[in-house]
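# Analysis of the macromolecular model
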Amino acid sequence: MRAQGLQNASEQSRTGVTGSTSASSGQGSATACANIALAKYWGKADRTLNLPAVESISLTADSLKTETTVHFDGDLAADEVVLDGAFAEGRSAERITRVLDWVREEAGLKSRARVTTYNTFPTGAGLASSASGFAALVGAAYQAAGLDVDAAQVSRRARRASASAARSVFGGYVRLAAGVPGDDSLAAEPLFPAEHWPLRMLIAVVDRKKKATSSTDGMERTRLTSPFYDAWVTEAPKYVEEIRLGLAARDLERVGRFMERSTLAYIASALAADPGIVYWKGSTLDVYHRLRLEREEQGLPVWMTMDAGPHVKALCEEADADRVRALLHSLDAGIEEIIEVAPGPGLQLHTCHASVC
Ligand code: DP6
């Protein structure tokens, strides 16, 4: 990181971002982890610039990864995107081309690009694939364009593609402030490094299918039609502050309690939209209730969050992860898979040689 960018070693160890965007000519390759919000983002202050209406805090999730390669090629007539082995079409292909256009514009490039991207987890199913996907895409595209930019600029561009992606540029615990309409400078910032607190998140995957309403559409419908949207935007900063203080003090009860409040408050605003946005399945509630009962009656320190999908994500100390996993395994609640994540690294840019990228 340079100044706050992608080459300086001390900055690397603080943020976990590694590699240089200026290393290659024509090709770039990057790996980014998804992230799970502890304090939720839901709703935009500016749709054009994709600025969030509320501040959010996330944990970068080490085992949910996207690997992306971008190759600008003067012989291509159009951008070509292969996502998990299949050609991307429609809205996902358009969103990727839009990101490539921003980078082309900054670099003064005309060439179209070949993009290959793989996720180590189900895409578009409420497991934050757009966060890791756009962070990796922006990093790889800047590198392929030979532009020497800092981590904040990668985060800023990733934010315009998908606000949660801004957070995936950094490792550990990360904050993205609320946006100011019209101000495109907003980037995420590292809050605490992964080593600060090795928490665990166990994700009970209850349905791998792609979700019916994207988070972008869901939050916009909530903003436009939910009578509870303004209340959510007013309350959200209180949860953020409690979660930040809880993280600083390594106080899981404080983090967990306000993570659940942030989760249930944004979901309440979405449920009250017209038509209501309901990401939960029956199994979501079965898992949630069972874990909550174990906390309230058996004292298991575990707290739950849910995103724009049906999965339940259980936050606990490293020492309790086996107990939480065993409990999830014992449930007859339609859990298809349990994924364990720990705080992970930020965006990694790989040295790329023409023959191997
Ligand atoms: C519920 O970042 O996917 O996961 O900016 O429109 O792409 P866009 O939305 P996105 O929304 C994530 C919503 C969430 C909460 C969170 O991650 O903070």
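Details of the structure are given in the entry above.
Now for a quick tour of the structure.

About the thresholds
Residues numbered from 1 in each chain as written. Predicted model: local features only at pLDDT ≥ 70, side-chain atom pairs only at ≥ 80, totals over all residues. Heavy atoms only, no water. Pairing = 2+ DSSP bridges. Helix = DSSP H or I, 4+ residues; strand = E, 2+ residues; numbered from the N terminus. Axes fitted to C-alpha atoms, helices over the stretch in contact; angles between N-to-C directions. Contact = heavy atoms within 4.5 Å. Near = heavy atom within 4 Å. Polar contact = N/O pair within 3.5 Å; in protein donor to acceptor, adjacent residues only side chain to side chain. Areas by Shrake-Rupley, 256 points an atom, 1.4 Å probe, with all protein chains shown as cover. Nonpolar A, V, L, I, M, F, W, Y, C, P; charged D, E, K, R; others polar. Phe/Tyr/Trp six-rings, centres within 6.5 Å; stacked < 30°, edge-to-face > 60°. Buried < 20%, exposed > 50% of the residue type's maximum accessible area, 1.4 Å probe, protein only.

### Regarding the sheet that holds strand 10 (residues 200–205)
A sheet is described by the order of its strands in space; here four strands give the open sequence 11-12-10-13, paired in antiparallel fashion. On the outer flanks of this sheet lie strand 11 (303–305) and strand 13 (337–341), each paired with one strand and no other. Here the strands of the sheet are splayed against their neighbours by 25° on average, with no regard to which way each runs. Examined bridge by bridge, strand 10 and strand 12 (residues 312–316) share five bridges and lie antiparallel to one another. Its bridge partner being in strand 12, Ile203 is matched across the sheet by Lys313. Packing against the sheet, helix 8 (residues 252–271) makes contact with strand 11 and strand 12, and its axis sits at approximately 30° to strand 11.

### Some remarks on the site of the ligand
Lining the immediate environment of the ligand, one finds 18 residues, of which Tyr41, Lys44, Ser162, Ser164 and Thr216 sit closest. Within the contact set of the ligand, an oxygen atom lies 2.8 Å away from a side-chain nitrogen or oxygen of Arg167. Surface burial for the ligand is 94%, taken as the share of its 460 Å² of free accessible area covered by protein chains. Secondary structure elements with two or more residues in the shell around the ligand: helix 5 (163–167) and helix 6 (215–225). Of the residues in the shell around the ligand, the class split is seven nonpolar, six polar and five charged.

### Notes on unusual backbone geometry
The residue after Asp274, namely Pro275, is reached through a cis peptide bond having omega -10°. Counting through the fold element by element, Pro275 comes out in the loop between helix 8 and helix 9 (282–298). Of note, Asp84 is a non-glycine position whose phi angle comes to about 50°, a positive value. Mapped onto the secondary structure, Asp84 falls in the loop between strand 5 (80–83) and strand 6 (86–87).

### A look at the packing of aromatic side chains
For the coordinates displayed, the defined rule picks out three aromatic pairs. Geometrically, the ring pair formed by Trp42 and Tyr266 is tilted, given 4.9 Å between the ring centres and 45° between the ring planes. A residue pair is termed long-range when its members are at least 10 positions apart, and Trp42 in the loop between strand 1 (27–39) and strand 2 (44–46) and Tyr266 in helix 8 qualify at 224 residues. By relative accessible area, Tyr266 is classed as buried at 2%. What links up through ring pairs into an aromatic cluster is the set Trp42, Trp232, Tyr266 and Tyr279.

### Points about the environment of Ala188
Residue placement: Ala188 occurs in the loop between strand 8 (173–176) and strand 9 (189–192). Apart from residues lying up to four places away in sequence, Ala188 is in contact with Ser155, Ala166, Arg167, Phe170, Val174, Arg175 and Leu176.

### Some words on helix 4 (residues 151–161)
Among the eleven residues in helix 4, ten count as buried, and that is most of the element. Listed as buried for helix 4 are Ala151, Ala152, Gln153, Val154, Ser155, Arg157, Ala158, Arg159, Arg160 and Ala161. In this structure, the buried side of helix 4 is in contact with strand 3 (51–52), helix 2 (90–107), helix 3 (129–145), helix 5 and strand 8.

### Considering the pairing of strand 10
Among the six residues that make up strand 10, six are buried, leaving the element largely enclosed by the rest of the structure. The alternating pattern of strand 10 places Arg200, Leu202 and Ala204 on one face and Met201, Ile203 and Val205 on the opposite face, and all of these are buried. Here five bridges tie strand 10 to strand 13, and the two strands are oriented antiparallel to one another. Directly across from Ile203, in strand 13, lies its bridge partner Ile339.

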